[in-house]
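Observations on the three-dimensional arrangement
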Protein chains: 2
Amino acid sequence: QLKKFSTSKLISQQKRSVLDQINNFPDRHVGPENIEITDMCKAIGVDSLDSLVQKALPPNILLKKPTNLGKSFSEVETLERLKNIAKGNKVMRSYIGMGYNGTITPPVILRNIMESPSWYTQYTPYQPEISQGRLESLINFQTMICDLTGLPIANASLLDEGTAAGEAMLLCYNTNPKKNVFFVDAECHPQTISCVQTRAQGFGIDVVVANHKDFDFSKYEDKVMGVLIQYPSTYGSIEDYEVFVKNVHSKGALVACATDLMALTLLKPPGDFGADIAFGNSQRFGVPLGYGGPHAAFFAVRDEHKRRMPGRLIGVSKDATGKPAYRLSLQTREQHIRREKATSNICTAQALLANMSAMYAVYHGAEGIKEIATRINSFTAVLASYLKNLGLKIKNEYFFDTLTVELPYSAKSLISAAENAGINLRFVDEFTVGVTLDETVNKEDLQDLIEIFCNGEIHKSYKQTARRSLNTSLSDFDSLATIQNGNTFPDSLKRTSTYLTHPVFNTYHSETEMLRYIVELQNKDLSLTNAMIPLGSCTMKLNATTEMIPVTWPEFSSIHPFAPAHQAKGYQILFDELSYALEQATGFEGMSLQPNSGAQGEYAGLRVIKAYLDSIGQHQRNICLIPVSAHGTNPASATMSGLKVVTVKCLPDGNLDLADFEAKAKLHKDNLAATMITYPSTFGVFEAGIVRACEIIHENGGQVYMDGANLNAQLGLCNPAEIGADVCHLNLHKTFCIPHGGGGPGMGPIGVKAHLEPFLPSHPVVPMGGKNAIGPVSAAPWGSASILPISWAYLKLMGNNINFRIITQILGDDGLRKATQVALLNANYLMKKLEPHYEILYKNENGYCAHEFIIDIRPFQSGGIEVIDVAKRLHDYGFHSPTMSFPVVGTLMIEPTESESKQELDRFVDAMISIKQEILQVTEGKVDKKNNLLKNSPHPVHQLLTEKWDKPYTREQAAYPLSYLRKKKFWPSVSR
Amino acid sequence: QLKKFSTSKLISQQKRSVLDQINNFPDRHVGPENIEITDMCKAIGVDSLDSLVQKALPPNILLKKPTNLGKSFSEVETLERLKNIAKGNKVMRSYIGMGYNGTITPPVILRNIMESPSWYTQYTPYQPEISQGRLESLINFQTMICDLTGLPIANASLLDEGTAAGEAMLLCYNTNPKKNVFFVDAECHPQTISCVQTRAQGFGIDVVVANHKDFDFSKYEDKVMGVLIQYPSTYGSIEDYEVFVKNVHSKGALVACATDLMALTLLKPPGDFGADIAFGNSQRFGVPLGYGGPHAAFFAVRDEHKRRMPGRLIGVSKDATGKPAYRLSLQTREQHIRREKATSNICTAQALLANMSAMYAVYHGAEGIKEIATRINSFTAVLASYLKNLGLKIKNEYFFDTLTVELPYSAKSLISAAENAGINLRFVDEFTVGVTLDETVNKEDLQDLIEIFCNGEIHKSYKQTARRSLNTSLSDFDSLATIQNGNTFPDSLKRTSTYLTHPVFNTYHSETEMLRYIVELQNKDLSLTNAMIPLGSCTMKLNATTEMIPVTWPEFSSIHPFAPAHQAKGYQILFDELSYALEQATGFEGMSLQPNSGAQGEYAGLRVIKAYLDSIGQHQRNICLIPVSAHGTNPASATMSGLKVVTVKCLPDGNLDLADFEAKAKLHKDNLAATMITYPSTFGVFEAGIVRACEIIHENGGQVYMDGANLNAQLGLCNPAEIGADVCHLNLHKTFCIPHGGGGPGMGPIGVKAHLEPFLPSHPVVPMGGKNAIGPVSAAPWGSASILPISWAYLKLMGNNINFRIITQILGDDGLRKATQVALLNANYLMKKLEPHYEILYKNENGYCAHEFIIDIRPFQSGGIEVIDVAKRLHDYGFHSPTMSFPVVGTLMIEPTESESKQELDRFVDAMISIKQEILQVTEGKVDKKNNLLKNSPHPVHQLLTEKWDKPYTREQAAYPLSYLRKKKFWPSVSR
Ligand SMILES: Cc1ncc(COP(=O)(O)O)c(C=O)c1O
Ligand SMILES: Cc1ncc(COP(=O)(O)O)c(C=O)c1O
Ligand SMILES: O=C([O-])O
């Protein structure tokens, strides 16, 4: 049974020996020390962690089959094992292209952003006052995208190019909601086309794939709402789309253009030839390949489309003191506002990677990037010239970095000869290969590449003559490059407009300046390196260094997603073992690692349910029951999957209104497809009714989708499969320690019961998925593969652990179980400490919460205090605010996670109690209702130092309401 | 000629091609962009960098033979080549011991201190207001050392255990200056004994090595001033020294005890049995082996010896506002005060490594470390028991982690059998091996180890029977461990006192808390990640990420310094190539990489000179001419080398008083040994007289020692060898990019002319050095070997570069040359900008300075302003202050280095001009002389926020005297 998690040793039943490896990782991962745990248990009225479990969880859900992850590994062992797994991956020179390119991550960015906890442990910048650093960086990203695409508005960011294409289609659709045909040029990347096709299904959109020159508008009357083209195309060709775009517009349709940032430094930008939307992958701006991700996709539009743009947009405004301040301005998060009318469910995106690519542009500047692009283009020109000399036909007349080469011999044999030389080429068809060059290529690489074309396992007689006529000396390359220079596409397609002219792209070109810029921004941002981030539903727990280290090993970070499977054996082992471990942790029988965010998981899971229902002849089932308390992504995902959302009530005690639930299930029983339930609920309670709720759905022919955002409360205590879920997504960036990166990356794999396994997603390039697989939901086969070692390592470190100083009762899953227990303990401890001061919205019948709880700020409303006042005042106390007004307006949802120490929890309690006193001053009318510590919060230091101090409280009261702040103070950098 | 720097390709004379690798590293390394360089040249009245060189350097020193480093590599190529070199090192399991042990660096410390520029780019904490973080950490180090050694005072830190032993001897000597015999126990580490012997020579101390039980005091009458013992001994034995120490004390001598921190967690500490001094290596507390370093040595003494303790000591006091503040309290830096009477020359130490080991203790706490120590000890007990069962004799009855094993067969054959199994044992003698275990050992390692003793290339018949009687199952180990537990030394030697009871060692045991503690401290400290650190003579330039990355690769970091040479072939290549490149850069013919600081280099160089003079029959030569302007380490090093210092005057224009110099050289011509000259001088000027000065010395039979601290002004323009120096040390932690680590590590290799090569230092364990070698000056053969990749990479990146956008005239050494030119440019630019506002102390006859310059603050003294006021006020402007009062009291010495950008220089100029206005307010009597912006500076934020503001200026004037500070402000954390 353990064979799939092959690194596991069987549980030793022995007592701990002094000689055993000291694996204290679980004790490092959880905040409180064991002696404190005992005290904290006492403080909340239980005598042990196990009794807390009995009080917090309904008995009917407690784990039946223990989670068995095998013996835990120490940190050293974990890294050793991962190194061994990594060795199974072969790093080759990749010329496969298709939207993924070799790149050089500037070391200063690698070490100080990608490998820096100050950056990777940030949350999405919902609180601008303590997030100005990454907001500035994301603005830089947007500016870069606008400049390069020639379009005025860009977001920051989308998940990948494939889903960005889906979003582009939806933007066209929402603009022309009466039309439902979408033309897609056949020379788009295959994974882009497939993602669009998957996405189209839920909306009943017809996707017509053809060469754009053959698009026949007349055939679809007035039904075409948009077209998708790719520039340069997947085969490298560059078309002049000017006339084509005019034609499309004249038909009342929009033009979406997939494109490449590097090419755009030399090519006329899509905005200039009239495209409405431009999108693509920013990976080649310094973000490692990572076997497919994580990378940030970009998305830019003309001004008139900005309100329909998906995802997050950063804007500039002024704070209360008149200082310029960045904020999430068009954070449509439309799913929050439009709920079931939303057509995009994107939430977590790729902030960290967007920051990296923006920093790449900041560091190189326009000139530097243009130099890189020119070099790539020149290499391609030289290669083209050699290949032509060899008598080979280059299918694309114009090119930037990609050649599609027709061969007089078998493509497969050429590709395998190349592989023997450590080179990957793209297989196009029996007699065609693709070659895409990138900034890592040097002259020796080019020599090797040319060798491949005239040597190796190819047409023998041909080879002899070809070889003789070739001269591949380095200086020949140079002279050829000079001759070819700039002649790879016509002048009419050359870029004339400037880009990256903003000072930020022209100031930080020395490593010293770059480093200081990175640190200057980072110091404005509150991350887990500074304090607890008690965001309910976000699970901001420890992202341990040991888990993070392998991510940037070249064996994981430098593999092309479409490299032959046998070159990525290490990854295959990692996927298998991680899937096994996640199945153990959740009780499921199948797992798909493709979805690269929680919302993507929801979408994938619902599509799988729909495919299953279709397969058993239940096509008509299209109703999805969703409680009012659900996260906004749930209804959006349902809608995107072609389901109709029916909202279910909750009771005043926070539990699901089972009566309403059952009534609606019965009412729709012929059409019931699914329910989406978060468990424990977004109200922070383990409700006993969950099992019954699942039964009701099943009784009425539906499937249960569990939103796994709150899985951190379940591991080792209960699991979704036993509870009754058919599918569940796991936010690896919450429960399984992938850091949040300031708003991404994330991973949202789905676990499914056996009957759903055949429907798990496929991929058009890499064979995978179930027998009856749905189409791909992400561009890359395994989503953001390179961050999966993080979760693998966490599960390995937290396996069964015989070394704990406190041995819990139940054998198996000790590490995970302890983490979950402490997550409950920390939440309940905070709740009990805050209870005398704030109303707790929901508890279970024993008076306990799960891993998070909600405090009500509405009682102070009449006295003049809003929830935002408390949230912002918390910044003055050095804390990130809890989740505001979700799931209930006017409340704060607090989730400390297991990783917070008792001292940090106590500090938070002190802050909240002190704030309560400040609130009472206002509500009791002792201080001005409009001008007080809360309303004016947060207080950045420049404001406190202004000469004229006209506030009715002192500067010290504003800055140091509690004495710990004099020792350690985090300063907000702007005010509200 | 290039063969030694084997990675170099020959210089291509071609013009740059678009296809060439884009090696813009030199442009990343220097601050100003090329277009700014042109402007800056104009601003200082020259038309190019080359004309600046003509103005700043006397023509008689300009480079004759160009530096040839071969073609420069890009960052990617550099890392690839280093990876290949690294592969030549084989990481084995090392049980060699001898003061170096395997250890597990907690990943959170590895990534966030050792690999974090916020920590490694700090300078020595001379400015406590902006250094409270590392001062606190170094206090933690001192506390840890005091606790574990049982002595009340400890410093932070010394360079290595061997030189710490030398310092211990000198402390004994200084306490009893009339006695000159020092007893050394024969069971000290061999490198310790050798270092002591080398050090003794300069003072005429007699070192007597014998078993401590055989020390015959009567034989040396009243001559014995101290004894040195090691506890546990190099062979692992543990003695009860109580009676012995009483006896030594009764003879009026002191006891110095080399010891081991890990063992002390279980053993009675040296303070408890009466030792006066305890010292050792803190490496095994989480600091990688690094083939010998860098590691921090510790040094602790009884209270009565504290004024004689060498090195830096941190203390706690209160700042002006009454807030507790750490400072360098007993920073004896005795060489500054006592000059030629100083007997210790330590300056740069090992702050970064001291911080790491202190953090290891903070993270593990007393219990955690004791658990680790107990496990090591138990493993050793189990091993002992097996070996005894095998019929082998363990020579040491009592032990902690080391067994000395007598063999019935050849030690060499056992050692080579072990090596085949990937294991290194210590060779003791023909029939004896040593085995030292550490925290990395696990049960499988123990199995392998036992296998070695009964298998392999050993006595065959013996093996058969032995093997049969053995059972090495893991559970046998466990039961044996239980039986042996605590029986490896007598109760009387067991530790009874507590340690690490301070809260700091009991608070940060979760990774989250640890990370936050590290970040909390780091945020208090101004490092190069925040701003320019314009410390004259310290060369705080870029420490590029590419240079830093290889340091923590296991192939460099996990090799024992006494591993067989054939296991460290990569290191040998690195040493050869680096030596070659340094020789190229300096013009010398020989290089020793042993000295691990600049001061150590001085000492080594002078000892080499002395050995040379002795070798030509000039024993009597013992006079060393040193200009008044010399750094304090110079006279100290001379004294330590047995030389008599004769001070030479300087002229009012800052130049050496050549007349005085010649007169003194002639006066002492029969006894003249050497001169020590810093060039360009510490006054910041290239003086033409240097060549003549060297001639004078040579004419009078002496040798020229050049202090290479200012080599950053020379590279690629001139070199010490051509100028006339016979020896020169190179501060790799200045000119060659090793970061300063908050006060170390450093490396101070010496370059020598051919006639001195035979005298380069040897090592007692690893054969090395010249034919007539002096003894070792450091404990490890190649000093702090693991940081040498930094300088290697720098030289490789800065080699001849055909890719520069601006091609300089002279071929060869483009990168280095440009760096030096820009170092001159930046200094002259600053000087010219400040000249209208401050008096510049010294310039050359053309009005130019070298890479640094001195501004005079004394003119404001009568008006009430001291140099410290300006220094501290600079903190309010976000800058580290320049070097204060060296080499001239009442002045600031400013060295911007080439890595600072024009914008940073301009910011500094603005700050200094603004401060000048503030000064004038005081000196012109417009504001109070005692209570003003300067006298009260720096202004920490808590002070500015106090309610009662009674200063005669506003808070904003204090905090934001210039507008850039509102955008980016670094806050001092305490006041003066
Ligand atoms: C309850 C819940 N469901 C779903 C999601 C969506 O996950 P993601 O942001 O990874 O798309 C979230 C995210 O924050 C959530 O809190
Ligand atoms: C002129 C001069 N000489 C020698 C030294 C000593 O070098 P180290 O500190 O590496 O021992 C210094 C150090 O700062 C110096 O400035
Ligand atoms: O530390 C110095 O003395 O430069």
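Residues numbered from 1 in each chain as written. Chains lettered and ligands numbered in written order. Predicted model: local features only at pLDDT ≥ 70, side-chain atom pairs only at ≥ 80, totals over all residues. Heavy atoms only, no water.

What about the site of ligand 1?
Residue and element names in this part refer to chain A. What counts, and what does not: Put simply, a residue is near a molecule or strand once any heavy atom of it comes within 4 Å of that molecule or strand. What qualifies as a polar contact is a pair of N or O atoms within 3.5 Å, subject to a donor-acceptor requirement within protein and to the restriction that residues adjacent in sequence count only when both atoms come from side chains. Secondary structure is summarised from DSSP: a helix means a run of H or I of at least four residues, a strand means a run of E of at least two, and numbering begins at the N terminus for each. For this classification, the nonpolar set comprises Ala, Val, Leu, Ile, Met, Phe, Trp, Tyr, Cys and Pro, the charged set comprises Asp, Glu, Lys and Arg, and every other residue, Gly included, is treated as polar.
Close to ligand 1 lie 14 residues; Thr-348, Ser-537, Gly-598, Asp-707 and His-733 are nearest. Interatomic distance of 2.8 Å between a backbone N/O atom of Ala-599 and an oxygen atom of ligand 1. Lys-734 has a polar side-chain atom sitting 2.9 Å from an oxygen atom of ligand 1. Broken down by element, the residue count for the shell around ligand 1 peaks at three residues, all from helix H22 (residues 598–615). Partitioned by chemical class, the residues of the shell around ligand 1 number three nonpolar, eight polar and three charged.

A few points about helix H7 (residues 132–149) of chain A
All names here are of chain A. Formally: Here, expected helix span is obtained from the residue count minus one, scaled by 1.5 Å. For each residue, the accessible area found with a 1.4 Å probe, counting protein chains only, is set against the maximum for its type, and the residue is called buried under 20%, exposed over 50%, and partly exposed in between.
The end-to-end C-alpha distance of H7 is 25 Å, a good match for the 26 Å that 18 residues give at a rise of 1.5 Å each. A large share of H7 lies buried, amounting to 16 of its 18 residues. Positive backbone phi, at 75°, marks Gly-150, one or two positions downstream of H7.

A look at the nonpolar core
Taken as a class, soluble globular proteins show a tendency for nonpolar side chains to be buried jointly. Worth spelling out the cut-off: To qualify as a nonpolar core, a set must consist of buried Ala, Val, Leu, Ile, Met, Phe, Trp, Tyr and Cys residues joined through side-chain atoms within 4.5 Å. Only heavy atoms matter for contacts: two residues are in contact if any of them lie within 4.5 Å across the pair.
Core analysis: the biggest nonpolar cluster contains 539 residues, and Leu-425 and Phe-453 of chain A together with Leu-425 and Phe-453 of chain B have the highest contact counts within it. In this structure Leu-425 of chain B touches Tyr-95, Ile-96, Leu-414, Ile-415, Ala-418, Gly-434, Val-435, Leu-449, Ile-452 and Phe-453 of chain B, once residues within four positions along its chain are discounted.

A closer look at the sheet that holds strand S25 (residues 883–884) of chain A
All names here are of chain A. Note the following rule: Two strands pair if DSSP finds at least two bridges between them. Structural elements are reduced to axes, namely lines fitted to C-alpha atoms, with helices fitted over the stretch in contact, and the angle between N-to-C directions of any two is expressed from 0 to 180 degrees.
Pairing is antiparallel in the open sheet, where four strands are placed in the order S23-S24-S26-S25. The open sheet is flanked by strand S23 (839–840) and S25, the only strands paired with a single partner. Strand direction decides the pairing type here: strand S24 (residues 853–856) and strand S26 (residues 891–894), joined by four bridges, are antiparallel. Residue Asp-856 lies in a different strand from S26, and its bridge partner there is Thr-891. Its contacts with the sheet place helix H28 (residues 814–834) against S23, S24 and S26, and it is angled at close to 20° to S24.

As for the pairing of strand S4 (residues 206–210) of chain A
Residue and element names in this part refer to chain A. Rules: Consider the strands pointing away from the viewer: the crossover is right-handed when the path from the first strand over the helix to the second runs clockwise.
Where strand S3 (residues 181–185) and S4 come together, five bridges link them in parallel fashion. For Val-181, the partnering residue across the bridge sits in S4 and is Asp-206. Remark: the S3/helix H9 (residues 190–201)/S4 crossover connection has right-handed handedness.

Overview of the interface of chain A and chain B
Selection criterion: We define buried area as the total accessible area lost by two parts upon association, computed with a 1.4 Å probe and summed across both. Each reported salt bridge corresponds to a side-chain nitrogen of Lys or Arg within 4 Å of a carboxyl oxygen of Asp or Glu.
Across the contact, 89 residues belong to chain A and 88 residues belong to chain B. Carbon and sulfur atoms make up 48% of the surface buried where chain A meets chain B, a total of about 7,600 Å² over both sides. When the buried area of chain A at its contact with chain B is split by residue, Leu-19, Arg-28 and Arg-111 of chain A rank highest and sum to 12% of it. Counting the contacts that link chain A with chain B gives eight salt bridges. Between Glu-520 of chain B and Lys-967 of chain A there is a salt bridge, with the nearest N and O atoms lying 3.1 Å from each other. Between chain A and chain B we count 41 residue pairs in polar contact (both at pLDDT 80 or more) in total. Examining the composition of the side of chain A that touches chain B, we find that 10 residues originate from one element, helix H13 (residues 351–389) of chain A, more than from any other.

With respect to the sheet that holds strand S18 (residues 644–648) of chain A
All names here are of chain A. One open sheet holds the seven strands; their spatial order is S16-S22-S21-S20-S19-S17-S18, and the pairing between them is mixed. Edge positions in the sheet fall to strand S16 (590–592) and S18, since each of these pairs with one other strand and no more. Across the sheet, the mean angle from the axis of one strand to that of its neighbour is 20°, orientation sign disregarded. Judged from the five bridges that link them, strand S19 (residues 672–678) and strand S20 (residues 703–707) form a sheet pairing that is parallel. Residue pairing in the sheet places Met-676 in a bridge with Tyr-705 of S20.

As for empty space enclosed by the protein
Test applied: Definitions used throughout: a 1 Å grid over protein atoms alone; a cavity as a set of points that fits a 1.4 Å probe which cannot get out; a pocket as an open set with protein on both sides within 12 Å along at least five of seven lines; a lining residue as one with an atom within 4 Å of a point. Grid points are joined across faces, edges and corners, and a volume is the space filled by probe spheres set on the points.
Of the pockets and cavities examined, the largest cavity occupies roughly 290 Å³. Along the walls of the largest cavity sit 20 residues, with Ile-22 and Asn-24 of chain A together with Ile-104, His-364 and Glu-439 of chain B positioned nearest its centre. For the lining of the largest cavity, the secondary structure elements donating two or more residues are helix H1 (25–29) and helix H4 (75–87) of chain A together with helix H13 (351–389) of chain B. Looking at which element gives the most residues to the lining of the largest cavity, the answer is H13 of chain B, with six residues. For the lining of the largest cavity, a count of residues per class yields eight nonpolar, six polar and six charged.

Focus on the site of ligand 2
Residues and elements named next belong to chain B. Residues in close proximity to ligand 2 total 14 residues, the closest being Thr-348, Ser-537, Gly-598, Asp-707 and His-733. One of the side-chain N or O atoms of Thr-348 is found 2.6 Å from an oxygen atom in ligand 2. The contact in question runs from an oxygen atom of ligand 2 to an N or O atom on the side chain of Ser-537, over 2.6 Å.

Details of the confidence of the model for chain A
Heads up, the condition is: pLDDT: the predictor's confidence for each residue, scored from 0 to 100.
Averaged over chain A, the pLDDT score is 93; the fraction of residues at 70 or greater is 94%. Interface confidence in the predicted complex, given as ipTM, is 0.97; pTM for the same model is 0.97.

Quick look at the relation of the copies chain A and chain B
Each of the two chain copies can be brought onto the other by rotation about an axis and movement along it. Rule in force here: Superposing the copies works by least squares over the C-alpha atoms of residues that have pLDDT at least 70 in both of them.
Superposition record for chain A on chain B: RMSD 0.0 Å, screw rotation 180°, translation along axis 0.0 Å. The relationship between the two copies is best expressed as a two-fold rotation axis. Across chain A, the smallest distance between a C-alpha and the rotation axis is recorded for Leu-945 of chain A, namely 3.6 Å. Of the interface residues in chain A, 98% have counterparts in chain B that sit at the interface too, so the contact is made through matching surfaces.

Regarding the packing of aromatic side chains
Residue and element names in this part refer to chain B. The criterion, for reference: Only Phe, Tyr and Trp rings are paired, with Trp represented by its six-membered ring, and only when their centres lie within 6.5 Å; those with planes under 30 degrees apart are stacked, over 60 edge-to-face, the remainder tilted.
The full count for this structure, using the stated rule, is 55 aromatic pairs over all chains. Judged by centre distance (6.1 Å) and plane angle (65°), the rings of Tyr-173 and Phe-203 are edge-to-face. On the criterion of sequence distance, the pair formed by Tyr-173 in helix H8 (residues 161–175) and Phe-203 in helix H9 (residues 190–203) is long-range, its members being 30 residues apart. Summarising the burial analysis for this pair, Tyr-173 and Phe-203 share the class buried.

Comments concerning the pattern of salt bridges
In the structure shown here, the tally under the stated rule is 78 salt bridges over all chains. Arg-134 of chain A serves as the salt-bridge partner of Asp-525 of chain A, at 3.1 Å between the closest nitrogen and oxygen. Here the residue Asp-525 of chain A occupies a position in the loop between helix H18 (511–522) and helix H19 (545–548), and Arg-134 of chain A occupies one in helix H7, the gap between them amounting to 391 residues. For the pair Asp-525 of chain A and Arg-134 of chain A, a shared accessibility class is recorded, and that class is buried. Between Glu-898 of chain B and Lys-541 of chain B there is a salt bridge, with the nearest N and O atoms lying 2.9 Å from each other. With Glu-898 of chain B in the loop between strand S26 (891–894) and helix H30 (902–923) and Lys-541 of chain B in the loop between helix H18 (511–522) and helix H19 (545–548), this pair connects stretches of sequence that are 357 residues apart. Each member of the pair, Glu-898 of chain B as well as Lys-541 of chain B, is classed as buried. Taken together, the salt bridges that share partners define one network made up of Glu-662, Lys-666, Arg-692, Glu-695 and Glu-699 of chain A.

Points about the state of the cysteines
Residue and element names in this part refer to chain B. As a reminder, the rule being used: Cysteine sulfur atoms are paired as a disulfide whenever they fall within 2.5 Å.
Applying the stated criterion across every chain, the model contains zero disulfides over all chains. Of all cysteine sulfurs in the structure, the one in Cys-347 sits closest to Cys-538, which takes part in no disulfide; the separation is 7.9 Å. Judged by its relative accessible area of 8%, Cys-538 falls in the buried class. No disulfide involves Cys-728; its nearest neighbouring cysteine sulfur is the one of Cys-718, lying 11 Å away.

Observations concerning the packing of H7 of chain A against H13 of chain A
All names here are of chain A. Counted only if it meets this: Reported orientations rely on four angle classes, namely roughly parallel under 35 degrees, roughly antiparallel over 145, roughly perpendicular from 65 to 115, and oblique for the rest. Take the far helix as the reference: if the near one is turned anticlockwise from it by less than a right angle, the crossing is left-handed, and if turned clockwise, right-handed.
With their axes 8 Å apart at the nearest point, H7 and H13 run at an angle of 65° to one another. The orientation of H7 with respect to H13, classified from their angle, is roughly perpendicular. Every pair of crossing elements has a handedness; the one defined by H7 and H13 is left-handed. Seen from H7, the contacting residues are Arg-134, Ser-137, Leu-138, Asn-140, Phe-141 and Met-144; seen from H13, they are Ala-351, Ala-354, Asn-355, Ser-357, Ala-358, Met-359, Ala-361 and Val-362. Split into classes, the residues belonging to the contact of H7 with H13 amount to nine nonpolar, four polar and one charged.

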